[in-house]
Number of protein chains: 2
Amino acid sequence: MRPGWIAADWGTSRLRVWAMGAEGVLAEARSDEGMGQVPAGGFEAALLRLIGPWLGDGPPVPVVICGMAGARQGWQEAPYRSLPCAPVDPQALVPVPSEDPRIAVRIVPGLAQAKPADVMRGEETQIAGALALLGSFDGVICLPGTHSKWAQVSAGEVVSFRSFLTGELFALLSERSVLRHGLAAEGWDDEAFLAAVSDGMSHPQKLGAKLFGLRAEALLQDLPAATARARLSGLLIGLELVGARSYWLGQPVVLVGEEALAARYGAALAAQGVQARLLPAAASTLGGLAAAMGQLTLASSGAGRKA
Amino acid sequence: MRPGWIAADWGTSRLRVWAMGAEGVLAEARSDEGMGQVPAGGFEAALLRLIGPWLGDGPPVPVVICGMAGARQGWQEAPYRSLPCAPVDPQALVPVPSEDPRIAVRIVPGLAQAKPADVMRGEETQIAGALALLGSFDGVICLPGTHSKWAQVSAGEVVSFRSFLTGELFALLSERSVLRHGLAAEGWDDEAFLAAVSDGMSHPQKLGAKLFGLRAEALLQDLPAATARARLSGLLIGLELVGARSYWLGQPVVLVGEEALAARYGAALAAQGVQARLLPAAASTLGGLAAAMGQLTLASSGAGRKA
């Protein structure tokens, strides 16, 4: 096997690579050597540990990378592109010098918005992949996650976006705050989640009190830990939804993300009368990397189904 | 020196003790052996390490403790008293058996509110001390901190209260989130703080986006780290103020807390037209412990000035 090119999603906490051929994905691999784990100067070696088996003689294989590898603390900084613009542009990839002559590495730049100040790095690729998967689409793409994004897209360009710290707040509060004592690591309660979404949307100003209330109910009323977890998630997602209302109200909405989380956002939006379409994160990433390679039809063929 | 009694404030992260005589404070000591650091079964030894030098022959010296030492994971659980009630009641202290015959230990119980579910442990003693320092007071006592409290007091009783996770959110976000990269550990910007308070009060639903905005402004616009810190504090205190509006609006407000933090709350309230009176935390704690000992006049004599 000799891939035509290699796609890579290099986030803060993990690295995922695909060997790509004319028909789509030939092979894939992943490691925990995320941007945050790789020491300065160690990026090429970390990449080669995964893709080395795919490389042979011949001209250099193109490698296209999206995500935090392009941050200032990453392999090489890929300066943000400014809105409005297409989510990815094959002409705007940033070349990264490599010592190994078998690869020709380029990084997809993130996007920046001046006012309100906002940035994304990695999600622009998922947006491009979503647009490729959807064909023509004008509307809003929501990417739930550590730093959830809501992006308005029109005529193939990202027009505006806004990030929310929701996922990171959930992680900090569920793992490191006083609430962790009364919160399950697993388990769920759909009814409690939706009630908390509604509560969070109706009373965003009560967030601090509602959060401490989870601790108090655990102490005084034996609040079940799975219910507490669902309520914490619901309060934070509800806060995000009310803050992002101008994005989703009366708009076609597409959710791109990890399946369980995207389904929760979908349920929360459905309770507001918004039927969002869900697209898988990996297929969107891969489709966006193909778009960055200039292979605009790939995402709707084998790769989209396989990822 | 032989104290008439010993006052102790035993929080999660530290232990502070005072040797009390007829005229007030005879001596004081502190350690980092907070409730969270002391292993089960180690509480008496940790206490004796501090107060041992004050003990001699004669009848047992009364020791009155407030704070997390009375939690389920503390020295001995002191079940919450239910609202409405006086903040402390000398008849309601919980005796703790000790091996050392030189001490007679009692713990001040915390307070619980059924609906909305809420708890305090330690702040009830500060409220009692504040009431002793103030003489007669009907109104609202705010105790900023890790879990800020707003308490409505009337005719010497706590009528209702609400806790906010504000301080813990600030600590998590400033020390453990992505925002830590652009935030100063020290430094301040009064103007940015007050603008952020106003912003947080006006747009509580935008909290998640405003938080991520601090990161984006650091990346794109070199937001000064001290300004970012003041804005983070302002956004969170603003969120608390709008959530606690029913407590402070049109009410006499007293702030009890660590000086710098209480001053920030005072400035934020002043911008809302509320002139809050500030009382020092330690004097309030000591006054409340004296009230728990049945020595209601102590706090307004030497101890109040000294602490």
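Just so you know, these numbers come straight off a predicted model, no measurement behind them. (Residues numbered from 1 in each chain as written. Chains lettered and ligands numbered in written order. Predicted model: local features only at pLDDT ≥ 70, side-chain atom pairs only at ≥ 80, totals over all residues. Heavy atoms only, no water.)

Description of the interface of chain A and chain B
So, step 1. Opposite the 39 residues of chain A that make contact, chain B presents 39 residues.
So, step 2. Summed over both sides, the interface of chain A with chain B buries roughly 3400 Å², with 69% coming from carbon and sulfur.
So, step 3. Together, Leu165, Gln205 and Phe212 of chain A form the three largest contributors to the area buried by chain A at its contact with chain B, with a combined 17%.
So, step 4. At the boundary of chain A and chain B, one finds 0 salt bridges.
So, step 5. The interface formed by chain A and chain B holds 8 residue pairs in polar contact (both at pLDDT 80 or more) in total.
So, step 6. Of all the secondary structure elements, the ones that give two or more residues to the side of chain A that touches chain B are strand 8 (111-113), strand 9 (118-120), strand 12 (157-164), helix 3 (166-176), helix 5 (207-221) and helix 6 (225-243) of chain A.
So, step 7. The element that contributes the greatest number of residues to the side of chain A that touches chain B is helix 5 of chain A, accounting for 12 residues. (Contact = heavy atoms within 4.5 Å. Buried area = accessible area lost by both parts, 1.4 Å probe. Salt bridge = Lys/Arg side-chain N within 4 Å of Asp/Glu carboxyl O. Polar contact = N/O pair within 3.5 Å; in protein donor to acceptor, adjacent residues only side chain to side chain. Helix = DSSP H or I, 4+ residues; strand = E, 2+ residues; numbered from the N terminus.)

Observations regarding the sheet that holds strand 9 (residues 118-120) of chain B
Strand pairing within a sheet occurs via backbone hydrogen bonds; the two strands may be parallel or antiparallel.
So, step 1. Strand order in the open sheet made by the 3 strands is 5-8-9 (chain B), with mixed pairing throughout. One side of each edge strand has no neighbouring strand; the edge strands of this open sheet are strand 5 (81-82) and strand 9 of chain B.
So, step 2. With 3 bridges connecting them, strand 8 (residues 111-113) of chain B and strand 9 of chain B associate as antiparallel partners. Bridge assignment links Ala112 of chain B to a residue of strand 9 of chain B, and that residue is Val119 of chain B.
So, step 3. Lying on the sheet, helix 5 of chain A is in contact with strand 8 and strand 9 of chain B; it crosses strand 9 of chain B at an angle near 85°. (Pairing = 2+ DSSP bridges. Axes fitted to C-alpha atoms, helices over the stretch in contact; angles between N-to-C directions.)

Some points on the relation of the copies chain A and chain B
So, step 1. When chain A is fitted onto chain B, the two copies agree to an RMSD of 0.0 Å after a turn of 180° and an axial shift of 0.0 Å. Taken together, the turn and the small shift mark the pair as related by a two-fold rotation axis. Relative to the rotation axis, the closest C-alpha in chain A is found at Pro204 of chain A, a distance of 2.9 Å.
So, step 2. Comparing interface residues between copies, 100% of those in chain A also sit at the interface in chain B, which points to an isologous, same-surface contact. (Least-squares fit on C-alpha atoms with pLDDT ≥ 70 in both.)

Some points on the packing of helix 5 (residues 207-221) of chain B against helix 6 (residues 225-243) of chain B
Residue and element names in this part refer to chain B.
So, step 1. Relative orientation of the contacting elements helix 5 and helix 6 amounts to 180°, with a least axis distance of 11 Å. One way to sum up the angle between helix 5 and helix 6 is to call them roughly antiparallel. Between helix 5 and helix 6, the residues in contact are Leu207, Lys210, Leu211, Leu214 and Glu217 and Ala228, Arg231, Leu232, Leu235, Leu236 and Leu239, respectively.
So, step 2. Partitioning the contact of helix 5 with helix 6 into residue classes produces 8 nonpolar, no polar and 3 charged. (Parallel < 35°, antiparallel > 145°, perpendicular 65-115°, else oblique. Nonpolar A, V, L, I, M, F, W, Y, C, P; charged D, E, K, R; others polar.)

Overview of helix 8 (residues 259-270) of chain A
All names here are of chain A.
So, step 1. Under the 1.5 Å per step criterion, the end-to-end length of helix 8 is 16 Å for 12 residues, consistent within 8% with the ideal 16 Å.
So, step 2. Among the residues making up helix 8, those that are buried are Ala262, Arg264, Tyr265, Gly266, Ala268 and Leu269.
So, step 3. With a side-chain oxygen lying 3.1 Å from the backbone nitrogen of Ala260, the N-terminal cap of helix 8 falls on Glu258. (Expected span 1.5 Å × (residues − 1). Buried < 20%, exposed > 50% of the residue type's maximum accessible area, 1.4 Å probe, protein only.)

Some points on the pattern of salt bridges
So, step 1. Within the structure shown, the criterion is met by 16 salt bridges over all chains.
So, step 2. One salt bridge connects Arg16 of chain A with Glu28 of chain A, and the closest N-O pair in it is separated by 3.1 Å. With a gap of 12 residues between them, Arg16 of chain A in strand 2 (residues 15-21) and Glu28 of chain A in strand 3 (residues 24-31) connect regions that are remote in the sequence.
So, step 3. Accessibility expressed as a relative area gives 11% for Arg16 of chain A, which makes it buried.
So, step 4. When the shortest N-O distance is used, the salt bridge between Asp100 of chain B and Arg102 of chain B registers 2.8 Å.
So, step 5. Because the salt bridges share partners, they merge into one network encompassing Arg16, Glu28 and Arg30 of chain A.

Some remarks on the sheet that holds strand 11 (residues 148-154) of chain A
All names here are of chain A.
So, step 1. An order of 12-11-10-13-14 is seen for the 5 strands of this open sheet, with the pairing classed as mixed. Among the strands making up the open sheet, the edge pair consists of strand 12 and strand 14 (277-280). Between one strand axis and the next, the sheet turns by 20° as a mean value, whatever way the strands run.
So, step 2. In the sheet, strand 13 (residues 253-257) pairs with strand 14 via 4 bridges, with the strands oriented parallel. Note on strand 14: the bridge partner recorded for Leu255 is Leu278.
So, step 3. Together, strand 10 (139-143), strand 11, strand 12, strand 13 and strand 14 form the strand contacts of helix 2 (residues 123-134), whose direction differs from that of strand 10 by roughly 130°.
So, step 4. Packing against the sheet, helix 8 makes contact with strand 10, strand 11, strand 13 and strand 14, and its axis sits at approximately 155° to strand 13.

Topic: the packing of aromatic side chains
So, step 1. Per the counting criterion, the structure on display carries 8 aromatic pairs over all chains.
So, step 2. Ring geometry for Phe43 of chain A versus Trp75 of chain A: centroids 6.3 Å apart, planes at 15°, classification stacked. Remark: Trp75 of chain A occurs in the loop between strand 4 (61-66) and strand 5 (81-82) and Phe43 of chain A occurs in helix 1 (residues 43-51); sequence separation between them is 32 residues.
So, step 3. Judged by relative accessible area, which is 2%, Phe43 of chain A ranks as buried.
So, step 4. Taking the centre distance of 5.2 Å and the plane angle of 45° together, the rings of Trp188 of chain B and Phe193 of chain B count as tilted.
So, step 5. Grouped by ring-pair contacts, the aromatic residues Trp10, Phe43 and Trp75 of chain A constitute a single cluster.
So, step 6. Between Arg121 of chain B and the ring centre of Tyr80 of chain B, over which it is positioned, the NZ or CZ distance is 4.4 Å.
So, step 7. Directly above the ring of Trp188 of chain B sits Arg264 of chain B, whose terminal nitrogen or CZ lies 3.7 Å from the centroid. (Phe/Tyr/Trp six-rings, centres within 6.5 Å; stacked < 30°, edge-to-face > 60°. Lys NZ or Arg CZ within 6 Å of the ring centre and 35° of its normal.)

Geometric values such as these leave the question of function open.
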